[in-house]
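So the chains spell out like this:
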Amino acid sequence: MPSHVFADRPAQPPERGAVDALITRTRRLRGDVDAVRQDTAGADDDPQGRWQRALYDLAVHHLDDLGAHLDQLREGLPPETADAFASELATYGADSAAGEGSLLSRVGSAEWNLLTDEVSWSEELYRILGRDPEAGPMSLDELPSVVFAEDQSLLTAMVTDCLVDGRPIDGEFRTVRPDGRVRTVHMMGGPVLDSDGSTASMWAVLRDVSELRRSQRAVRESRDSLQRRQHFERTERRLAVEMQEAVLPPWCGSLRFPTGSPTSLDIAAHYLPSAHGALVGGDWYDALELPGGDTLLSVGDLTGHGVAATSSMAMLLGALRGMAVAGVRPGQLLAHLNQLLDSSPQPALGTAVCCRYVPATRVLTWAQAGHPAPLLFRGGTGRALSTLDGALLGATGGASYEQGELTVRPGDVLVLHTDGLTRTSEAPGGAAAPADRLTALAARIAEARDAQECLRGVVEELGEGEREGDACVLVAKVNA
């Protein structure tokens, strides 16, 4: 009968893949081997019977190991985890290629007769321990000399327990071959008693499990490395999110800048994370009421992800606010930001668009650094403002940035965004240009009552796709 470990298992479900099929076959084979092992009876004083029984035990252990490995294979590990252990896996592969032969050729047997001091070793045991057969077998007293120093006490304890207390032997130890190679050997055995119940001899079956243990160690180390990497990524993402939330304006609706002005701007903004939530980038939006009643609007994006990107974004956004409060105009402001990023010890590139709105004259002054131009929606149509000269932030020192001016009208809507808003992995090859995708919303934006409703329309239309990165969008509507 099959082992009780498998007897109470329900019928296996239909095979769903190659690995599932291998697992099913391994379990069935394990049950068959265990059933044959239990049905095989051998006398304790019969060397052949002991040899067969030990080999059945080893086969069951081997199938258990195989089942565990297949389970791990089905769970899967990212391919990159193997890179950290390339040398370990290469060594394992080299040993397997060099070959110690089949499983049986890596299993040897021995018997030590305590009454006659006779010792018999199989040919395979000589090969496992790397011993010249002409040197003859080793006695139990000599055997520890080929065992790793740290494992000698373990071997001595197993042999003593077997000879004195009649306990079976089941353990592993490392041996050092004459060529210097270290092998791991699994030893199983037991005492043979005479008619008086005294120990007459001791038998053992030894199996070379070096490759098996090495592969298990590689898998274990890969799993541990993956867990450490995942913990680090979770921690970094948490820090990046906390830093981003601390820097970006905590808006829960629309704002009006400047406060109390009849020609103020109704402003709303939103940050959209990437489709892959683990990627927290350096996108930002900002609106700030300046001394004298002017309003600063800005949107930008820094390369990279994680803490490095969000820390650079915080530095840049702080500098932008400070210079804007000091009265620096958009073109010169971007030039200073470019110099700051270019001289930063943490290199990065960025894009930005910066606008300054003067409510008294309804004049909007803007400059851009490698960034999409602001979009203007007026009278049910939309268009991108003129593209102005301006290099990427941090690309080159001493760059200058052209400024543009526009007189806006009551009811006009300005949309500032990062390019991640319109760059998606789902866009077909013939998809419309990014600006066209936004200007196509002109009719919906014209019907919106305020900036928050305009923003909702943009996000509903463009914010649900599989974006390749995060994005920001800011909407400003000129009040009548």
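Up top is the structure these notes are about.
Worth saying up front: this structure is predicted, and the values here are computed from it rather than measured. (Residues numbered from 1 in each chain as written. Predicted model: local features only at pLDDT ≥ 70, side-chain atom pairs only at ≥ 80, totals over all residues. Heavy atoms only, no water.)

S.K.: Hey, could you run me through the side chain of glutamine 368 in this one?
M.R.: Tracing the chain through its elements places glutamine 368 in strand 11 (residues 363-369). Residue glutamine 368 is classed as buried on the basis of its relative accessible area of 2%. If near-sequence neighbours (up to four positions away) are discounted, glutamine 368 is found in contact with Leu334, Ala352, Val353, Ala373, Ser386, Thr387, Leu388, Asp389, Gly390 and Tyr401. (Helix = DSSP H or I, 4+ residues; strand = E, 2+ residues; numbered from the N terminus. Buried < 20%, exposed > 50% of the residue type's maximum accessible area, 1.4 Å probe, protein only. Contact = heavy atoms within 4.5 Å.)

S.K.: What is the right way to read the packing of aromatic side chains from this model?
M.R.: Two aromatic rings, taken as a pair, are described by how far apart their centres are and by the angle between their planes. Applying the stated criterion across every chain yields a total of one aromatic pair. Note on tryptophan 121 and tyrosine 126: the rings are 5.2 Å apart at their centroids and 55 degrees apart in plane angle, and the pair reads as tilted. The buried category is assigned to tryptophan 121, whose relative accessible area is 11%. (Phe/Tyr/Trp six-rings, centres within 6.5 Å; stacked < 30°, edge-to-face > 60°.)

S.K.: How do you make sense of the packing of helix 8 (residues 307-325) against helix 9 (residues 330-342) when you look at a structure like this?
M.R.: Packed helix pairs are characterised by how far apart their axes lie and by the angle those axes make with each other. Running from N to C, helix 8 and helix 9 point in directions that differ by 145 degrees, and their axes come no closer than 10 Å. Note that helix 8 runs across helix 9; the crossing there is right-handed. Residues Met315, Leu316, Ala319, Leu320, Met323 and Ala324 of helix 8 form the contact with helix 9, whose participating residues are Leu333, His336, Leu337, Leu340 and Leu341. Looking at the contact of helix 8 with helix 9, its residues break down into ten nonpolar, one polar and no charged. (Axes fitted to C-alpha atoms, helices over the stretch in contact; angles between N-to-C directions. Left-handed = near helix turned anticlockwise from the far one by under 90°. Nonpolar A, V, L, I, M, F, W, Y, C, P; charged D, E, K, R; others polar.)

S.K.: Explanation requested: the sheet that holds strand 13 (residues 381-384) in the structure shown.
M.R.: One key point about sheets: their strands pair by backbone hydrogen bonds, in either a parallel or an antiparallel sense. In spatial order, the strands read 6-7-16-15-12-13; together these six strands make up an open sheet with antiparallel pairing. Each edge of the sheet is formed by a strand with only one pairing partner; in this case those strands are strand 6 (255-257) and strand 13. Each strand of the sheet is rotated relative to its neighbour by a mean of 25 degrees, with strand direction disregarded. Note: strand 6 against strand 7 (residues 265-272), three bridges, orientation antiparallel. When the sheet's bridge partners are listed, leucine 255 is paired in strand 7 with isoleucine 267. (Pairing = 2+ DSSP bridges.)

S.K.: Which parts of the structure should I look at to understand helix 8?
M.R.: Given a rise of 1.5 Å per residue, 19 residues ought to cover 27 Å, and the 27 Å separating the end C-alpha atoms of helix 8 matches this to within 8%. Buried residues of helix 8: Ala309, Thr310, Ser312, Met313, Leu316, Leu317, Leu320, Met323 and Ala324, and no others. When helix 8 is viewed along its axis, its buried side chains cluster within an angular range of 155 degrees and face the same direction. The inward-facing, buried residues of helix 8 abut helix 7 (210-247), strand 8 (284-289), strand 9 (295-302), helix 9 and strand 10 (350-358). (Expected span 1.5 Å × (residues − 1). Arc of directions from axis to C-beta.)

S.K.: Even after reading the chapter, I still don't get the pattern of salt bridges, so can you show me in this structure?
M.R.: Proximity of charged atoms lets side chains of opposite charge pair with each other. Counted according to the given criterion, the structure contains 16 salt bridges. Across the salt bridge formed by arginine 127 and glutamate 124, the nearest N and O atoms sit 4.0 Å from each other. Remark: glutamate 124 and arginine 127 occur in helix 5 (residues 123-129); sequence separation between them is three residues, near one turn of the helix. Among the salt bridges present, the one from arginine 378 reaches aspartate 412, with a minimum N-O distance of 2.6 Å. Taken as a pair, arginine 378 in strand 12 (residues 375-378) and aspartate 412 in the loop between strand 14 (404-407) and strand 15 (413-417) lie far apart in primary sequence, 34 residues in all. Classification of arginine 378 as partly exposed rests on a relative accessible area of 23%. Put simply, Arg30, Asp34 and Asp64 are held in one network by salt bridges that share partners. (Salt bridge = Lys/Arg side-chain N within 4 Å of Asp/Glu carboxyl O.)

S.K.: Is there a simple way to explain unusual backbone geometry in this structure?
M.R.: Excluding glycine, residues mostly have negative phi values, and the peptide bonds linking residues are mostly trans. With omega at -10 degrees, the peptide bond leading from phenylalanine 257 into proline 258 counts as cis. By the secondary structure assignment, proline 258 is in the loop between strand 6 and strand 7. The phi dihedral of aspartate 117 is positive, around 65 degrees, even though this residue is not glycine. Look at aspartate 117 and you get exposed, because its relative accessible area is 64%. Despite not being glycine, arginine 362 shows a phi value in the positive range, around 55 degrees.

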